[in-house]
Amino acid sequence: IISGAGSVISFDLSYEVFSLRKRSYFFRFAGSGIAGEVSKYYSLGAGQKFYFSADGTSSTFEDESIKITTSPVLRYYAGWNVGLFSSIYEPLEEVRGDIGVEFGGHGGLLYSVDKTTSYKAEFVLQRGTGVETTSMNMQILFGTSYFVDSLF
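Analysis parameters
- Residues numbered from 1 in each chain as written.
- Predicted model: local features only at pLDDT ≥ 70, side-chain atom pairs only at ≥ 80, totals over all residues.
- Heavy atoms only, no water.
- Phe/Tyr/Trp six-rings, centres within 6.5 Å; stacked < 30°, edge-to-face > 60°.
- Helix = DSSP H or I, 4+ residues; strand = E, 2+ residues; numbered from the N terminus.
- Buried < 20%, exposed > 50% of the residue type's maximum accessible area, 1.4 Å probe, protein only.
- Pairing = 2+ DSSP bridges.
- Salt bridge = Lys/Arg side-chain N within 4 Å of Asp/Glu carboxyl O.
- Axes fitted to C-alpha atoms, helices over the stretch in contact; angles between N-to-C directions.

J.: Looking at this structure, I do not really get the packing of aromatic side chains. What am I missing?
T.: How two aromatic rings sit relative to each other is set out by the distance from centre to centre and by the angle between their planes. According to the stated counting rule, one finds three aromatic pairs in the structure shown. Ring centres of Phe-11 and Phe-29 lie 5.7 Å apart, and the angle between their planes is 50°; this geometry places the pair in the tilted category. Separated by 18 residues along the polypeptide, Phe-11 in strand β1 (residues 10-20) and Phe-29 in strand β2 (residues 23-32) bring together distant segments of the chain. Using a relative accessible area of 36% as the deciding quantity, one classes Phe-11 as partly exposed. Here the aromatic residues Phe-18, Tyr-51 and Tyr-77 are joined through ring pairs into a cluster of three or more.

J.: Explanation requested: the pairing of strand β8 (residues 117-130) in the structure shown.
T.: Every regular strand shows the same layout, with side chains that alternate between the two sheet faces. Pairing of strand β7 (residues 96-112) with β8, which is carried by 13 bridges, proceeds in the antiparallel orientation. Considered in β8, the bridge of Phe-103 is made with Arg-127. Here β7 hands over to β8 after four residues, the two strands then running antiparallel side by side. In the sheet, β8 pairs with strand β9 (residues 134-146) via 13 bridges, with the strands oriented antiparallel. Counted as the bridge partner of Arg-127 is Met-136 from β9. Connecting β8 to the antiparallel partner β9 that follows it, the hairpin turn spans three residues.

J.: How should the pattern of salt bridges be read in this particular structure?
T.: Charged atoms that come close allow side chains of opposite charge to pair. Overall, the coordinates contain four salt bridges when judged by the stated rule. Between Glu-122 and Arg-28 there is a salt bridge, and its shortest N-O distance comes to 2.6 Å. With a gap of 94 residues between them, Glu-122 in strand β8 and Arg-28 in strand β2 connect regions that are remote in the sequence. In this structure, a network of salt bridges that share partners links the residues Asp-12, Arg-28 and Glu-122.

J.: Where do I start with the sheet that holds β1 in this structure?
T.: Strand pairing in a sheet relies on backbone hydrogen bonds, with the paired strands running either antiparallel or parallel. Strands sit in the order β1-β2-β3-β6-β7-β8-β9 across an open sheet of seven strands; the sheet is antiparallel. Looking at strand neighbours, the two that pair on one side only are β1 and β9, the edges of this open sheet. Across this sheet, the average inter-strand angle for adjacent strands is 20°, counted without regard to direction. In the sheet, β2 pairs with strand β3 (residues 40-52) via nine bridges, with the strands oriented antiparallel. Each residue of the ladder has a partner; that of Ser-24, found in β3, is Lys-49.

Structural data, given as structure tokens:
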């Protein structure tokens, strides 16, 4: 097979750590197979997000006489990501697998429903290089983001 295309329904789970109010690092796991398809895609990666027009997270500013808490409603971001992937695909009538590295960028937006919950839309574009394949990976993600106290 010289070229081909595949499509899978996948889930995405990520954890984001803020280094500044407008910059964060994230760790992500993505996987497919939830729809029963033969083709599968799994990835483990990390990257960085840069927020525009608003802070990426809620902030509290406290003085002796006043306390101010901010909670952004609409947040835009863009950034880079890198990771490892495993894919299972079907060229003609056989099933093959590959592992490799991928790198690329992403952009998205978050709309806050309340102080802890946001709706999320994200577009990811990555270039992958594996043992047997090279790929251009496009992901369109929709989901919900929850604020939790730091795990670390």
